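# Descriptive analysis of the structure
Listed here are the chains, written in short residue letters.
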Amino acid sequence: MFENGVAETTLEDIRAAAGVSGSQVYHYFEDKQALVRAVIDYQTDVVLDAQGAHLDRLDSMAGLRAWRDFLVEHQRRLGCRGGCPIGALGAEVAETDAVARLAAARGLRRWEGRIREGFQAMHARGDLAPGTDPDDLALATLAALQGGLLLTQLQRDTRPLEVTLDTMLDRVQTLTTEWSRSGRSG
């Protein structure tokens, strides 16, 4: 489904690729929609697992920049193909399958949550200026990442991803350096 699209993939295709009978497919999945939701959940796990320890180190500018570098290099290795598996599947089903759309939204919220944890840790340590909202930073970072991945996929060039992430992280940096220059003691 990720490679050929949800609409172009039949249960027969899946049965043949898995080397199982139709009854085995239906034993695990009530229908194609249930299988689509399982694929979205699986792709979410793959995306988050691939980022591994990078997601655990988003609580510093160095960690955020290393994560950015990993994401860009990952796209280079893929030849800028595929974009975001969660976003691609979500976009494909958003208007036709409300439950699958919600599964994709849930997957992206999981990713956003991992980003948010880093910003919350920075905020709790006092590394971000007072009034900085870690939730908004996480949402904006994920939105920049998603847009960058889509443009990278369409243009077959990592520059859009590099620019969007650099711009977002530069903004985060200003929330740390501007505040530290003005003095934390008030």
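In this report, we go over the structure that sits alongside the text. (Residues numbered from 1 in each chain as written. Predicted model: local features only at pLDDT ≥ 70, side-chain atom pairs only at ≥ 80, totals over all residues. Heavy atoms only, no water.)

Let us now look at the overall build of the protein. Helix and strand content of the protein: eight helices and zero strands. When the helices and strands of the protein are listed from N to C terminus, the series reads α-α-α-α-α-α-α-α. Its C-alpha atoms give the protein principal-axis dimensions of about 70 × 30 × 30 Å. Burial statistics for the protein: of 186 residues in total, 40% are counted as buried. Partitioning the contacts of the protein with sequence separation of at least 6, the portion at a separation of at least 24 is 69%. Summed over its atoms, the accessible surface of the protein is roughly 10000 Å², and 52% of this surface lies on carbon and sulfur atoms. For the protein, the centre of its 21 positive side-chain charges and the centre of its 27 negative side-chain charges are spaced 4 Å apart. (Helix = DSSP H or I, 4+ residues; strand = E, 2+ residues; numbered from the N terminus. Buried < 20%, exposed > 50% of the residue type's maximum accessible area, 1.4 Å probe, protein only. Contact = heavy atoms within 4.5 Å. Areas by Shrake-Rupley, 256 points an atom, 1.4 Å probe, with all protein chains shown as cover. Lys, Arg positive; Asp, Glu negative; His and termini not counted. Charge placed at Lys NZ, Arg CZ, Asp CG, Glu CD.)

Taking 1.5 Å per residue as the helical rise, helix 4 (residues 61-77) with its 17 residues ought to reach 24 Å, and the 24 Å between its terminal C-alpha atoms agrees with that figure. For helix 4, every residue scored as buried is listed here: Met61, Gly63, Leu64, Trp67, Arg68, Phe70, Leu71, Val72 and Gln75. Glycine 79 lies just past helix 4 and shows a positive phi near 70 degrees. (Expected span 1.5 Å × (residues − 1).)

Running from amino to carboxyl end, helix 3 (residues 32-56) crosses helix 4 at an angle of 165 degrees, the nearest separation of the two axes being 9 Å. Classified by the interaxial angle, the pair formed by helix 3 and helix 4 is roughly antiparallel. As helix 3 packs across helix 4, the resulting crossing turns out to be right-handed. Residues Ala50, Gln51, His54 and Leu55 of helix 3 form the contact with helix 4, whose participating residues are Ala66, Trp67, Phe70 and Leu71. When its residues are assigned to classes, the contact of helix 3 with helix 4 shows six nonpolar, two polar and no charged. (Axes fitted to C-alpha atoms, helices over the stretch in contact; angles between N-to-C directions. Parallel < 35°, antiparallel > 145°, perpendicular 65-115°, else oblique. Left-handed = near helix turned anticlockwise from the far one by under 90°. Nonpolar A, V, L, I, M, F, W, Y, C, P; charged D, E, K, R; others polar.)

Take the pattern of salt bridges next. Tallying each qualifying case throughout the model produces 14 salt bridges. We note a salt bridge from arginine 68 to aspartate 166, for which the minimum N-O separation is 2.7 Å. With arginine 68 in helix 4 and aspartate 166 in helix 8 (residues 159-182), the pair connects residues that are 98 residues apart, well separated along the chain. Relative accessible area serves as the criterion here: at 26%, aspartate 166 is assigned to the partly exposed category. Among the ionic pairs, arginine 114 bridges to glutamate 117, the shortest N-O distance being 3.6 Å. Pair noted here: arginine 114 and glutamate 117 are both in helix 6 (residues 98-125), with a separation of three residues, about one helical turn. Salt bridges linked by common partners bring Arg68, Asp69, Glu73, Arg76, Glu162 and Asp166 together as one network. (Salt bridge = Lys/Arg side-chain N within 4 Å of Asp/Glu carboxyl O.)

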